[in-house]
Amino acid sequence: MVMMGESPKPAPEYIKYSTVTDYFQQDDHNTDDKNFDYTISNFGLIDRSYDSDPHADPHKTKTQWERFEHEVARLNQESGSKTQYKVLYLGRHGEGYHNVAEAFYGTRDWDCYWSLQNGNETSTWVDARLTPIGIAQAQKANAFWHLMISIQKIPTPESYYTSPLMRCLATAEHTFSGLKLPAHKPFKPLIKELIREAIGAHTCDMRSTKTEIQKAYPDWPIEHGFAEEDPLWDAELRETDQAMDIRLREALDDIFSSDDKTFISISSHSGAIGSILRVLKHRSFSLGTGQVIPVLVRAEMVHGEGPSRAKGPYTTISKCPMPTPATLALLN
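This structure is a prediction, so every number in the text was calculated from the model and none was measured.

Here we look at the overall build of the chain
- Within the chain, the regular secondary structure consists of 10 helices and eight strands.
- The C-alpha atoms of the chain give 21 Å as radius of gyration, which agrees with the globular expectation for 332 residues (20 Å, within 12%).
- Taken along its principal axes, the extent of the C-alpha atoms in the chain is 70 × 65 × 40 Å.
- Every one of the 332 residues in the chain was classed for burial, and the buried ones make up 53%.
- In the chain, 80% of the contacts between residues at least 6 apart in sequence involve partners at least 24 apart.
- Accessible area of the chain: about 16300 Å², with a carbon and sulfur share of 53%.

This is how it looks when you write it as structure tokens:
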């Protein structure tokens, strides 16, 4: 009920996300995510015609990616004011020392013991750094971007976002530094808190301080409100998938509401990207370290309360007092 002289409250709205399929192989449930390599498949872009081709490429001289860029522009031009289309390049970080440790100890002992430690006798994985293999994976991505820019004329990201964890910051740097980018679309990623990995318990997912991040990447902007100390990590509790989906939806809402660019890079983690894909109604598609998946996203502002914005549930970690005898034997 509206009182005399009061303005009616605007009806609540939320962003409804969906994946536009039939453009990338990764959208297809028949594509094997375990053996997929974006560097030998043109990023997975399907070789097909588009409704925009007669106007955009009448002489059939443009590359697949050039034609796809025109197709995305057509979708945006023909959509209403409440709908937008964006292409997200979702990149997982290269191999980190925590990945090596989990592979060495096995997932059971990693989850219940080693992930809760700061490291072992040979390495540290608090806010885990890249291994030499991880650096090489990011450099492989850089070489592929060089190739795609020169041959396919791929639309490069217009905006860049990265998780604040060190392995993502380093992956983004090795991936995008030195590319021949348009002067008006430079590589200067925004460091964004909410696109980090599952929060809590695992020390590899506890971020460094703001001061340490700024010291390592002094020229990169950090989003407003970014705290000096990690405000999210909890030593005893870990996010559930439901909580991650709420958090990653909030991050996407912020990006889609504040960034009018169409082609966007997000450097993140396997769990966080898996959550983003769920929010986007994309099929499950696991990424190996250093892998990338592009997604064409339709975002429509619709009436209603939308999904819950409340903080999702966390779970208590099951701990074991010490590694299993078999694991201890490996250390000797």
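Section: the side chain of Ser 265
- Following the sequence through the fold, Ser 265 ends up in strand β6 (residues 263-268).
- Accessibility expressed as a relative area gives 2% for Ser 265, which makes it buried.
- The residues touching Ser 265, leaving out its near neighbours within four places in the chain, are Tyr 89, Pro 157, Ser 159, Tyr 160, Tyr 161 and Phe 176.

Quick word on the nonpolar core
- Counting 38 residues, the largest nonpolar core has Tyr 23, Phe 43, Trp 65, Phe 68, Trp 145, Ile 154 and Leu 296 as its most contacted members.
- Residue assignment for this core shows that the elements contributing at least two residues are α2 (64-78), β2 (83-92), α5 (132-152), α6 (166-176) and β7 (292-303).
- Excluding its chain neighbours within four sequence positions, the residues that come into contact with Phe 68 are Tyr 23, Phe 24, Leu 45, Tyr 50, Val 87, Phe 263 and Leu 296.

Considerations on the sheet that holds strand β3 (residues 159-162)
- The strand order β1-β7-β2-β6-β3-β4 describes an open sheet built from six strands, whose pairing is mixed. The open sheet has two free edges, formed respectively by β1 (13-19) and β4 (190-191), since each of these has just one partner strand.
- Across six bridges, β2 lies against β6 in parallel orientation. The partner of Tyr 89 across the bridge, within β6, is Ser 265.
- Each of β2, β6 and β7 touches α2; the most contacted strand, β2, lies at about 140 degrees to it.

A word on the pattern of salt bridges
- Summed over the entire model, instances satisfying the criterion amount to 21 salt bridges.
- A salt bridge links Glu 223 to Lys 192, with the shortest nitrogen-to-oxygen separation between them at 3.1 Å. Placement of Glu 223 in the loop between α7 (210-216) and β5 (237-239) and of Lys 192 in the loop between β4 and α7 is noted, with a sequence separation of 31 residues between them. A single burial state applies to Glu 223 and to Lys 192, both of which are buried.
- Between Arg 247 and Glu 239 there is a salt bridge, with its nearest N and O atoms 2.7 Å apart. Grouping residues by exposure puts Arg 247 and Glu 239 together as buried.
- Through salt bridges with shared partners, one network takes in Asp 51, Glu 71, Arg 74 and Glu 78.

As for the state of the cysteines
- Counted according to the given criterion, the structure contains one disulfide.
- Through a disulfide, Cys 112 is tied to Cys 320; the S-S separation comes to 2.0 Å. As the torsion about the S-S bond is roughly 70 degrees, the Cys 112-Cys 320 disulfide counts as right-handed. Taken together, the positions of Cys 112 in helix α4 (residues 107-112) and Cys 320 in the loop between β8 (314-316) and α10 (325-331) put the pair 208 residues apart, joining distant regions of the chain. The residues Cys 112 and Cys 320 share a single accessibility class, namely buried.
- Cys 204 provides the cysteine sulfur closest to Cys 168, a residue in no disulfide bond, and the two sulfurs are 11 Å apart.
- Taking the relative accessible area as the measure of exposure, Cys 168 reaches 0% and is therefore buried.
- A relative accessible area of 3% places Cys 204 in the buried class.

A few points about α6
- Buried residues dominate α6, accounting for nine of its 11 residues.
- Turning to α6, its buried residues number three or more, namely Met 166, Arg 167, Cys 168, Leu 169, Ala 170, Thr 171, Ala 172, Thr 175 and Phe 176.
- Among the residues trailing α6, Gly 178 stands out with phi positive, at a value near 85 degrees.

Things to note about the packing of α5 against α6
- Where α5 contacts α6, the axes come no closer than 7 Å and their chain directions differ by 35 degrees. The hand of the α5/α6 crossing is right-handed. Contacts between α5 and α6 pair Ile 135, Ala 138, Gln 139, Ala 141, Asn 142 and Trp 145 from the former with Thr 171, His 174, Thr 175 and Phe 176 from the latter.
- Here the contact of α5 with α6 is built from residues that sort into five nonpolar, five polar and no charged.

Points about the packing of helix α8 (residues 241-258) against helix α9 (residues 270-279)
- Relative orientation of the contacting elements α8 and α9 amounts to 75 degrees, with a least axis distance of 9 Å. On the basis of the axis angle, α8 is roughly perpendicular to α9. Contacts between α8 and α9 pair Asp 241, Met 244, Asp 245, Leu 248, Arg 249 and Leu 252 from the former with Gly 271, Ala 272, Ser 275, Ile 276, Arg 278 and Val 279 from the latter.
- Looking at side-chain class alone, the contact of α8 with α9 contains six nonpolar, two polar and four charged residues.

Criteria and thresholds
- Residues numbered from 1 in each chain as written.
- Predicted model: local features only at pLDDT ≥ 70, side-chain atom pairs only at ≥ 80, totals over all residues.
- Heavy atoms only, no water.
- Helix = DSSP H or I, 4+ residues; strand = E, 2+ residues; numbered from the N terminus.
- Rg over C-alpha atoms; globule rule 2.2 N^0.38 Å.
- Buried < 20%, exposed > 50% of the residue type's maximum accessible area, 1.4 Å probe, protein only.
- Contact = heavy atoms within 4.5 Å.
- Areas by Shrake-Rupley, 256 points an atom, 1.4 Å probe, with all protein chains shown as cover.
- Core = buried A, V, L, I, M, F, W, Y, C linked by side-chain atoms within 4.5 Å.
- Pairing = 2+ DSSP bridges.
- Axes fitted to C-alpha atoms, helices over the stretch in contact; angles between N-to-C directions.
- Salt bridge = Lys/Arg side-chain N within 4 Å of Asp/Glu carboxyl O.
- Disulfide = S-S within 2.5 Å.
- Left-handed = near helix turned anticlockwise from the far one by under 90°.
- Nonpolar A, V, L, I, M, F, W, Y, C, P; charged D, E, K, R; others polar.
- Parallel < 35°, antiparallel > 145°, perpendicular 65-115°, else oblique.

Distances and angles like these do not, on their own, reveal function.
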